[in-house]
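Chains, contacts and geometry: an overview
The chain contents come next:
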Amino acid sequence: MDRSRDVVSLREATKAWFLISLQTFGGPAGQIAVMQRTLVDERRWIGQQRFLFALSYCTLLPGPEAQQLATYVGWLLNGVRGALVAGTLFVLPGVVAILALSGIYVAYGETGVVTAVFLGLAPAVIAIVVQALWRVARRGLTGPAMWVIALASFVALTLLGVPFPLVIGAAAVAGWLVGRRGVPLARAVAPDDGPPPLVADDALHHEPPSPRRTALILVLGLLAWSLPVALAAVLLGANSVYVDQGLFFGGTALITFGGAYAALAFVAQQAVNVYGWLAPGEMIRGMALAETTPGPLIMVVQFVAFLGAYRDPGVLDPWVAGIVASLLTTWVTFVPSFLFILLGAPYVERLRGNRSLAAALAGITAAVVGVIANLALFFALHTLFGSTGRVTTGPLDLEYPHLDSVQWAPLAITGLACFLVFRLRWSVLRVLGVCALAGIVAHYAF
């Protein structure tokens, strides 16, 4: 796609992606909601169905689906340049924030102010996720079959402990089977308030897939992905912590099906018990940082890498070691996401009119609603209660709160955040700011 054919200029799109990147709090649910509001509802750069189609494809991939969705939409608007800009800006604020907080943690440990800010931010995230759930459900569940698939997905994840990949696969099969029976998965037009999108579907970027293009992107992507690890092996030693982290996190990026929490459970087990890069309690603190800073939740791997290298720096200064390991880990974690989109988008777009594929992806879209509901419940359990229990009887695998461990300050701040989000319709940044201030007041007052 030539620059002259960009309906939305790359410069204007870059400004929009930068503003979106500053609001990517709340995990994938909140991030998808921000893109929904900015790109579909406000700027009208892409239609609702095209947005949900891209989301369904990204949900199938390993890695952070929200960052991949940004990369995909950037590709639709401005081609490869747009994909690189959107995907990079999406994670940049999180990289800077986690890097800075990792340094603060190493230098100062736990401080009262940081604890107080987290006390306010975590409840705000609950309100943001619930808002995302409402918006995605209202837009995506446009037929009875979609509601059934969404509810079944939530039950499978929440009550039965079914692995995320199985839920998504089952939803795709269910959508395909329902489509073959002729049962409508959705109304002809999804509810979409406002005028038609500024960029018509036919005007969005597209390019025919070809073996030459696929081979070129694959070779360049693999070289870019592996080169930093190879340089670390040559310059810092093949047995250094940098190579261990590059290989481990690079491999993890290819198998992180099941959402951020499933991936981080595996990372925690390996980082704590196998490599000894940090202690169990520190892994939990790292997850709290990732949950309350912009960017994908998988950014916690930056914190893990920083601490591991700082404590085993080899020939480098500990502070330099932490920064190098943090950036190297970020690189090997996210490069595959760009590859998945740039390689797969032309093929998926070519099949967009295929009814069987559309039915399968519609089933996945419905399952995403169930996944977001499961995430909202997870946040609520671990923010509003000090401890939880688990029932594992037969097929039942349910986590429940200990009611006597309710935390009243987070509960009150959650109520405040819901009022600001749903009643006053404040922006994400304003809500986060007010709730952070409320957390500081609650921490020092009580």
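Residues numbered from 1 in each chain as written. Predicted model: local features only at pLDDT ≥ 70, side-chain atom pairs only at ≥ 80, totals over all residues. Heavy atoms only, no water.

**Concerning empty space enclosed by the protein**
Just so we agree on the cut-off: In this analysis a 1.4 Å probe is tested at points of a 1 Å grid over the protein atoms alone, and where it fits but cannot get out there is a cavity; an open set with protein on both sides within 12 Å along at least five of seven lines is a pocket; lining residues have an atom within 4 Å of a point. Grid points are joined across faces, edges and corners, and a volume is the space filled by probe spheres set on the points. For helices the rule is a DSSP run of H or I covering at least 4 residues; for strands it is a run of E covering at least 2, with both sets numbered from the N terminus onward.
Counted under the stated rule, the structure contains three cavities of 30 Å³ or more. Computed from the structure, the second largest cavity encloses a volume of approximately 70 Å³. Among the secondary structure elements, those contributing two or more residues to the lining of the second largest cavity are helix H2 (27–42), helix H3 (48–59) and helix H14 (355–384). Per-element accounting of the lining of the second largest cavity gives the leading share, four residues, to H14.

**Some words on the packing of aromatic side chains**
Rule in force here: Aromatic rings from Phe, Tyr and Trp, with only the six-membered ring used for Trp, were paired whenever their centres fell within 6.5 Å, and each pair was classed as stacked if the ring planes differed by under 30 degrees, edge-to-face if by over 60, and tilted otherwise. Each ring is checked for a lysine NZ or an arginine CZ that lies within 6 Å of its centre and within 35 degrees of its normal; such an atom marks a charge sitting over the ring.
Tallying each qualifying case throughout the model produces eleven aromatic pairs. A centroid spacing of 5.4 Å and a plane angle of 55° characterise the contact between Phe248 and Tyr275, whose relative ring orientation is tilted. Remark: Tyr275 occurs in the loop between helix H10 (259–274) and helix H11 (280–291) and Phe248 occurs in helix H9 (residues 241–252); sequence separation between them is 27 residues. One aromatic cluster is present, formed by Phe248, Phe249, Tyr275 and Trp277 through successive ring pairs. A cation over an aromatic ring shows up here: Arg430 above the ring of Trp426, its NZ or CZ 3.9 Å from the ring centre.

**Comments concerning the nonpolar core**
This is how the line gets drawn: Grouping buried Ala, Val, Leu, Ile, Met, Phe, Trp, Tyr and Cys residues that are joined through side-chain atoms within 4.5 Å yields what is termed a nonpolar core. Whether a residue is buried, partly exposed or exposed follows from its accessible area with a 1.4 Å probe, protein chains only, as a fraction of its type maximum: under 20%, in between, or over 50%, in that order.
Ranked by size, the top nonpolar core spans 123 residues in total, and within it Trp17, Met35 and Tyr72 carry the most contacts. The leading source of residues in this core is helix H4 (residues 65–108), at 16 residues.

**Comments concerning the pattern of salt bridges**
Inclusion rule: One side-chain nitrogen of Lys or Arg within 4 Å of one carboxyl oxygen of Asp or Glu is enough to make a salt bridge.
Overall, the coordinates contain three salt bridges when judged by the stated rule. A salt bridge links Arg37 to Glu42, with the nearest nitrogen and oxygen atoms 4.0 Å apart. For Glu42, a relative accessible area of 55% translates into the label exposed. Glu399 serves as the salt-bridge partner of Arg390, at 3.7 Å between the closest nitrogen and oxygen. Of the residues examined, Glu399 reaches a relative accessible area of 18% and is grouped as buried.

**Looking at the confidence of the model for the chain**
Going by this rule: For every residue, the predictor reports its confidence as pLDDT, a number between 0 and 100. We call two residues contacting when some pair of their heavy atoms lies within 4.5 Å.
Here the chain averages 84 in pLDDT, while 88% of its residues score no lower than 70. When the criterion is pLDDT under 50, residues 187–191 qualifies, and its contacts beyond four places in sequence or with other chains add up to eight contacts.

**Quick look at the pairing of strand E1 (residues 388–393)**
As a reminder of what qualifies: Whether two strands pair comes down to DSSP finding at least two bridges between them.
With six bridges connecting them, E1 and strand E2 (residues 396–401) associate as antiparallel partners. Across the sheet, residue Thr393 finds its bridge partner in E2, namely Leu396. Here E1 folds back onto E2 in antiparallel fashion, the turn holding two residues, of which Gly394 has a positive phi close to 60°.

**Considering a nonpolar patch on the surface**
To keep things clear, this is the line we draw: Exposure above 30% relative accessible area and no salt bridge define the residues that can form patches, which grow by joining like charges within 9 Å and nonpolar side chains of Val, Leu, Ile, Met, Phe, Trp and Tyr within 5 Å. Areas reported here follow the Shrake-Rupley algorithm with a probe of radius 1.4 Å; residue values treat only the protein chains shown as occluding.
On the surface, Leu151, Val155, Leu159, Leu160 and Leu396 cluster together into a nonpolar patch covering about 370 Å² of accessible area. Tracing the chain through its elements places Leu160 in the loop between helix H6 (144–158) and helix H7 (164–180).

**Notes on the state of the cysteines**
A covalent bond between the sulfur atoms of two cysteines is referred to as a disulfide. Formally: Any pair of cysteine sulfurs within 2.5 Å is marked as a disulfide.
For the coordinates displayed, the defined rule picks out zero disulfides. The structure places no disulfide on Cys418, whose sulfur is separated from the nearest cysteine sulfur, that of Cys435, by 9.1 Å. In this structure Cys418 comes out as partly exposed when scored by relative accessible area, which is 26%.

**Details of the packing of helix H15 (residues 408–423) against helix H16 (residues 428–445)**
We apply this condition: Only C-alpha atoms enter the line fits that serve as axes; for helices the fit covers just the stretch in contact. Angles between N-to-C directions range over 0 to 180 degrees. Each angle receives one of four descriptions, namely roughly parallel if under 35 degrees, roughly antiparallel if over 145, roughly perpendicular if within 65 to 115, and oblique otherwise. Each crossing is labelled by how the near helix is turned from the far one, with a counterclockwise turn of less than a right angle marking it left-handed and a clockwise turn marking it right-handed. We call Asp, Glu, Lys and Arg charged. Ala, Val, Leu, Ile, Met, Phe, Trp, Tyr, Cys and Pro are nonpolar, and the rest, Gly among them, are polar.
The contact between H15 and H16 brings their axes to 10 Å, and the two run at 155°. When the interaxial angle is binned, H15 and H16 end up roughly antiparallel. The two elements H15 and H16 cross, and the hand of that crossing is right-handed. Contacts between H15 and H16 pair Ala409, Ile413, Leu416, Ala417, Leu420 and Val421 from the former with Val431, Val434, Cys435, Ala438, Gly439 and Ala442 from the latter. Its residues assigned to classes, the contact of H15 with H16 comprises eleven nonpolar, one polar and no charged.

**Points about the environment of Gly30**
Considering the arrangement of structural elements, one finds Gly30 in helix H2. For Gly30, a relative accessible area of 1% corresponds to the buried category. For the pair Gly30 and Ile126, spaced 96 residues apart in the sequence, the C-alpha separation amounts to 9.3 Å. Once residues lying within four places of it in the same chain are set aside, the contact partners of Gly30 are Phe25, Ile128 and Ala132.

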